[in-house]
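# Residue-level structural notes
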Amino acid sequence: MAEITGDQRVQSEVLEGLATAVNHRRWFVELAIPYLGDNPIEIGSGLGDYVLEWAPHFDRFTATEADPDRLVALKERLADHPKIEVRQMLLPHTERGDYSAAVSYNVLEHIEDHVGALASMRDLVRPGGAVVLIVPAFQFAMGPADIATGHVRRYTKKTLGAALVEAGLTIEKMHYANALGLIGYFMATKVFRLMPKEGPMVKVYDSTVLPLTRWAEERVLPPFGQSVFAVARVPG
């Protein structure tokens, strides 16, 4: 069985801090919605911030988490949402399913066997369904924050595309997102060696810079970004 990488306490602290980035989360939530079908599963739901944004759009939604402590917290937080199923899941695995889509944000970079993890996501989804991903971009931005939170790698469109194809998926869409965020992340975490936790920098960026970044990137896709967004199809 695969191991959970990184300091789980640090991961939870980072998740709690990034929960305040409301505009950033809503942007990424809306990127995925057109591809999720009628019965999606999220791989690596963390504290549940994304699933709470996605779930109102669907009659059924499944949230998953690998870390046992976060799984308990996730079940408690989602206990009053009857249409959300919560279960433990650690990738890669051999389970097969009939979900309309698997969505996984900022999880694949934690998994050594990322091709096996993508194949596991593929096997959870019915033919023609989607695997929707966001992963951190560009290896040069790998720094202390990445290492502390258990990142094995960062991606380019080329390296993520190669992993998706090797996993037997067909790429439908892929682009960089949040170009200014990459510059800010690099300066904050690699130059000043800060962790991306809750604080004035996150709030100011999310409330002032992020809306302008989103507006611009919805018109012209950038040549780089803090993240890679990808949609791949399970062959029918």
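Residues numbered from 1 in each chain as written. Predicted model: local features only at pLDDT ≥ 70, side-chain atom pairs only at ≥ 80, totals over all residues. Heavy atoms only, no water.

In the nomenclature of an unreviewed UniProt entry, the chain is known as Methyltransferase of Micromonospora echinofusca.

## Concerning the sheet that holds strand β6 (residues 170-177)
Read across the open sheet, the seven strands follow the order β3-β2-β1-β4-β5-β7-β6; overall the sheet is mixed. Each edge of the open sheet carries a strand with a single partner, namely β3 (84-88) and β6. Adjacent strand axes in the sheet meet at a mean angle of 15 degrees when their direction is disregarded. When strand β2 (residues 61-65) meets β3, the two strands line up parallel, connected through five bridges. Within the sheet, the bridge partner assigned to A63 lies in β3 and is V86. Against the sheet, helix α5 (residues 114-124) touches β4 (99-105) and β5 (125-136), its axis set at about 145 degrees to β5. Relative to the sheet, helix α7 (residues 157-166) contacts β5, β6 and β7 (227-233), its axis offset from that of β6 by approximately 155 degrees. (Pairing = 2+ DSSP bridges. Helix = DSSP H or I, 4+ residues; strand = E, 2+ residues; numbered from the N terminus. Axes fitted to C-alpha atoms, helices over the stretch in contact; angles between N-to-C directions. Contact = heavy atoms within 4.5 Å.)

## Examining the pairing of β4
With seven of its seven residues buried, β4 lies for the most part within the structure. As judged from the three bridges shared by strand β1 (residues 40-42) and β4, these two strands associate in the parallel manner. Following the sheet pairing, E42 is matched in β4 by V103. Summarising the sheet, β4 and β5 pair through six bridges and their orientation is parallel. When the bridges of β5 are listed, A101 appears paired with A130. With α5 bridging β4 and the parallel β5, this β-α-β connection has right-handed handedness. (Buried < 20%, exposed > 50% of the residue type's maximum accessible area, 1.4 Å probe, protein only. Right-handed = clockwise from strand over helix to strand, strands pointing away.)

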